[in-house]
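In case you want the letters, here they are:
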There are 2 protein chains.
Amino acid sequence: MKHNFGAGPCILPQEVFQEASKAVLDFNNTGLSILEISHRSKEFEEVVKETESLVRELLHVPENYSVLFLQGGASQQFAMVPMNLLPDGGKAAYLDTGVWATKAAKEAKNFGEVVTVASSKDSNYTYIPKDFEIPLDAAYFHFTSNNTIYGTEVFATPSTTVPKVVDMSSDILSREINIQEYDLIYAGAQKNMGPAGVTLVIIKNDLLGKTGKTIPSIFNYQEHIKAGSMYNTPPVYSIYVSMLNLRWLKAKGGVKAIEQENIIKARTLYDEIERNPFFKGTAAVEDRSRMNVTFVMDTPELEAEFLALAKERNLIGIKGHRSVGGFRASIYNALTITSINALVDAMKEFEESHK
Amino acid sequence: MKHNFGAGPCILPQEVFQEASKAVLDFNNTGLSILEISHRSKEFEEVVKETESLVRELLHVPENYSVLFLQGGASQQFAMVPMNLLPDGGKAAYLDTGVWATKAAKEAKNFGEVVTVASSKDSNYTYIPKDFEIPLDAAYFHFTSNNTIYGTEVFATPSTTVPKVVDMSSDILSREINIQEYDLIYAGAQKNMGPAGVTLVIIKNDLLGKTGKTIPSIFNYQEHIKAGSMYNTPPVYSIYVSMLNLRWLKAKGGVKAIEQENIIKARTLYDEIERNPFFKGTAAVEDRSRMNVTFVMDTPELEAEFLALAKERNLIGIKGHRSVGGFRASIYNALTITSINALVDAMKEFEESHK
């Protein structure tokens, strides 16, 4: 058995792979592959409806919010957000907590003024800035709720009257959130929702249509809302597999239940990092992510040795991002405590053999 | 056996479905699903490389052209083309051969002046206009090579010194083309290239970077070229299945061989439409598409009867688009002559039983 700690695209439940594999040969006893059915068929329309209703149910999305399945990943949202929300001559506020947050702000600069309210860049993004002011005349305030590279997560949403836009690509569906604290949430699917190729967007409807700007149809949220995520051919298979994965999450007891598992998984791993003299965490304790656990060793030589052991033990994808070094264990919803234990065992084994 | 005449997403070869299904459980003996591997893994980088090299080989793409795999479908290209090619205050020329061509022109109007060089709208797009002038000061000339709804196809590329941009979503890889006749080709994959979720773009490199405009990174072709289609997480599975399908096409003898099959398939069906007194084609004979065959009957009552017979005979997806009515048989690369014969047999049977 392989333990896939990859940062995304990442592990999904084996049951989902089984069903997803079958549907490529025969979708719902239609005698057709899911890859060859029309996106306008009754069968696929039901897939989109069920996927939307699972998102609404699992995240308690109120009726005055729309749920969209788009393409282009979070990176496309970096542009679509200001296209839709930033009026000409307007200003947007961004919190800088890492590479992806920086990229989001950079793209917004193509459309208006960007105020960076705070940044933890000086400490290589090891923590989440907490004391900052959001200008009241900003069209929106943008932040990244989980920083995959640095292993930090924003658990307390900053309080402001300015509309809040959040990139939740790597922690959506991993913990309970109050949707009403946000005005626009977006997330590339390829962590906890499904495979690569689809992007979830949840928008408070009354946020839209206020800039007076012309927005190309394909980038206009209102067009996608009107068309029920079928403005043009959607990424059929990515939506279908997301539906299977959301069904799995629901059967597990939903977001509340998975959050409890995620807390235990993260604690088990962080406890070992703290206990084991060979390893140390890189993120500020109060901001430690439950999704991406980043840790290092004292020397590159030891790190190379541990990586070799990890490989032997079938622990996949734990090499850290080059900007942090060391290790990163991504422990998304579908990763089991068995895999966490396998990693912890390898860390203990390493300690024993190097005493 | 079902005969899938759907307009897209559409039939792909059974061998492709078999392999695509297996990879969802175990990709290339990695012990991991294709859906959970990192897009930065060596294994997936090889998939992207092979897919690109198959496109280059099958379409004879010269070295001074880039090959990209993007997201968002042809509809996103409707906006990206003028974003990248139309300078402020510039002008673009569009040929209007149907709904999709009209939509492409409409989106371009967000970025500059659009000149419609000719239109066959007055005749409900039953033919391809041939006598028109392309303004020499246009930044580019855009046309749609195959009109899925109306069953028309442009076999002779208009001659002009203005850069040519073509939407080949529904006939790319179905017939030999000379890439050098075009400056930019785009195509949603979900007809002859692969499943929904990926868009092929082939661009002559020296066409880019000339407008002096700032283009958001995610919509900038040059950014995608620099990143080798990995500017952000690509639609992994859609690219993988496209690779399998391109391998299949290569093994069949490539585009030249499939074109011969497509000619025979189209001729067989058009011959029956002409012979059978119950049916008549809707497109001008000289512009008839080899990919989408559109035909009608004298009365809606008869059409309903034939649709019922088709359903009995497992002929799927032959109802015509509402704007043309009647029937549309989409006969893409993967649809076999066996399926064409099954449709022809049903037409003959209908004739016999109504004599």
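Residues numbered from 1 in each chain as written. Chains lettered and ligands numbered in written order. Predicted model: local features only at pLDDT ≥ 70, side-chain atom pairs only at ≥ 80, totals over all residues. Heavy atoms only, no water.

Draft legend 1. The arrangement of the overall build of chain A in detail. When you go through chain A residue by residue, the secondary structure sums to nine helices and 14 strands. Taken against the 2.2 N^0.38 rule, which gives 20 Å for 355 residues, the C-alpha radius of gyration of chain A at 21 Å falls within 12% of a compact globule. If you line up chain A on its principal axes, its C-alpha atoms span 65 × 55 × 30 Å. Considering only intrachain contacts with a sequence separation of at least 6, the fraction spanning at least 24 residues in chain A is 67%. Within the structure as shown, chain A displays about 13,600 Å² of accessible surface, and the carbon and sulfur contribution to it stands at 49%. In chain A, the 36 positive side-chain charges and the 43 negative ones have mean positions that sit 2 Å from each other. (Helix = DSSP H or I, 4+ residues; strand = E, 2+ residues; numbered from the N terminus. Rg over C-alpha atoms; globule rule 2.2 N^0.38 Å. Contact = heavy atoms within 4.5 Å. Areas by Shrake-Rupley, 256 points an atom, 1.4 Å probe, with all protein chains shown as cover. Lys, Arg positive; Asp, Glu negative; His and termini not counted. Charge placed at Lys NZ, Arg CZ, Asp CG, Glu CD.)

Draft legend 2. Region of interest: the relation of the copies chain B and chain A. The two copies are related by a screw operation: chain B maps onto chain A through 180° of rotation and 0.0 Å of translation along the axis, at an RMSD of 0.0 Å. What we have between these two chains is a two-fold relation. If distances are taken from each C-alpha of chain B to the rotation axis, the shortest is found for Ser21 of chain B, at 2.3 Å. Most of the interface of chain B is mirrored in chain A, where 100% of its interface residues again form contacts. (Least-squares fit on C-alpha atoms with pLDDT ≥ 70 in both.)

Draft legend 3. Seen up close, the interface of chain B and chain A. Listed by partner, the interface residues are 51 residues for chain B and 52 residues for chain A. In total, chain B and chain A occlude about 4,000 Å² of area from one another, counting both sides; carbon and sulfur atoms represent 60% of this. At the boundary of chain B with chain A, the tally comes to zero salt bridges. Summed over the shared surface of chain B and chain A, the result is 14 residue pairs in polar contact (both at pLDDT 80 or more). (Buried area = accessible area lost by both parts, 1.4 Å probe. Salt bridge = Lys/Arg side-chain N within 4 Å of Asp/Glu carboxyl O. Polar contact = N/O pair within 3.5 Å; in protein donor to acceptor, adjacent residues only side chain to side chain.)

Draft legend 4. The packing of aromatic side chains, seen in detail. Residues and elements named next belong to chain A. Using the criterion set out here, one finds 34 aromatic pairs over all chains in the structure. Pairing Phe279 with Phe350 gives two aromatic rings, centres 6.4 Å apart and planes at 55°, and the pair type is tilted. A residue pair is termed long-range when its members are at least 10 positions apart, and Phe279 in the loop between α7 (254–275) and β11 (280–281) and Phe350 in helix α9 (residues 337–353) qualify at 71 residues. Of the two residues, Phe279 and Phe350, both sit in the buried class. Geometrically, the ring pair formed by Phe295 and Phe327 is tilted, given 5.3 Å between the ring centres and 40° between the ring planes. In this pair, Phe295 sits in strand β12 (residues 292–296) while Phe327 sits in strand β14 (residues 327–330), placing the two residues 32 residues apart along the sequence. In this pair, the class of Phe295 matches that of Phe327, namely buried. (Phe/Tyr/Trp six-rings, centres within 6.5 Å; stacked < 30°, edge-to-face > 60°. Buried < 20%, exposed > 50% of the residue type's maximum accessible area, 1.4 Å probe, protein only.)

Draft legend 5. Representation of the pairing of strand β2 (residues 65–70) of chain A in the model. Taking burial as the measure, the six residues of β2 of chain A include six buried ones, the bulk of the element. Of the two faces of β2 of chain A, the one lined by Tyr65, Val67 and Phe69 of chain A and the one lined by Ser66, Leu68 and Leu70 of chain A are each fully buried.

Draft legend 6. Quick peek at unusual backbone geometry. Along the chain, Gly8 of chain A connects to Pro9 of chain A via a cis peptide bond; the corresponding omega equals -5°. Positionally, Pro9 of chain A belongs in the loop between β1 (3–4) and α1 (14–25). Phi at His60 of chain A takes a positive value of approximately 50°, unusual for a residue other than glycine. Considering the arrangement of structural elements, one finds His60 of chain A in the loop between α2 (42–59) and β2. Residue class for His60 of chain A comes out exposed when judged on its relative accessible area of 57%. Not every positive phi belongs to a glycine, and Asn124 of chain B is a case in point at roughly 55°. Given a relative accessible area of 37%, Asn124 of chain B falls into the partly exposed group.

Draft legend 7. Here's a closer look at the UniProt feature "modified residue: N6-(pyridoxal phosphate)lysine" (unreviewed entry) in chain A. Residues given the UniProt feature "modified residue: N6-(pyridoxal phosphate)lysine" (unreviewed entry) here are Lys191 of chain A. Within the structure, Lys191 of chain A has its side chain in polar contact with the backbone oxygen of Ala7 of chain A (distance 2.9 Å). (UniProt positions renumbered as here; feature names shortened; annotations may be inferred.)

Draft legend 8. Looking closely at the pattern of salt bridges. For the coordinates displayed, the defined rule picks out 36 salt bridges over all chains. The residue Glu261 of chain A makes a salt bridge to Lys252 of chain A at a minimum N-O spacing of 2.9 Å. We classify Glu261 of chain A as partly exposed; its relative accessible area is 32%. Note on Lys252 of chain A: relative accessible area 34%, which makes it partly exposed. Lys91 of chain B serves as the salt-bridge partner of Asp137 of chain B, at 3.1 Å between the closest nitrogen and oxygen. Residue Asp137 of chain B is located in the loop between β4 (113–119) and β5 (141–144), and its partner Lys91 of chain B is located in strand β3 (residues 91–96); the two are separated by 46 residues in the primary sequence. Using a relative accessible area of 19% as the deciding quantity, one classes Lys91 of chain B as buried. Bridged by salt links that share partners, the residues Glu153, Asp171 and Arg175 of chain A form one connected network.

Draft legend 9. Geometry of the packing of helix α1 (residues 14–25) of chain B against helix α6 (residues 236–251) of chain B. Residues and elements named next belong to chain B. One can describe the packing of α1 onto α6 by two numbers: an axis separation of 9 Å at closest approach and a directional angle of 145°. Considering the relative orientation of α1 and α6, their crossing is right-handed. Here Glu15, Val16, Glu19, Ala20, Ser21, Ala23 and Val24 of α1 lie close against α6, whose contacting residues are Tyr237, Tyr240, Val241, Leu244, Asn245, Arg247 and Trp248. Split into classes, the residues belonging to the contact of α1 with α6 amount to nine nonpolar, two polar and three charged. (Axes fitted to C-alpha atoms, helices over the stretch in contact; angles between N-to-C directions. Left-handed = near helix turned anticlockwise from the far one by under 90°. Nonpolar A, V, L, I, M, F, W, Y, C, P; charged D, E, K, R; others polar.)

Draft legend 10. Just the environment of Thr30 of chain B, in detail. Residue and element names in this part refer to chain B. Looking at where Thr30 falls in the secondary structure, it is placed in the loop between α1 and α2 (42–59). Given a relative accessible area of 13%, Thr30 falls into the buried group. Taking C-alpha positions, Thr30 is 49 Å from Ala92, a pair spaced 62 residues apart along the chain. Polar side-chain contacts of Thr30 include one of 3.1 Å to the backbone nitrogen of Leu32.

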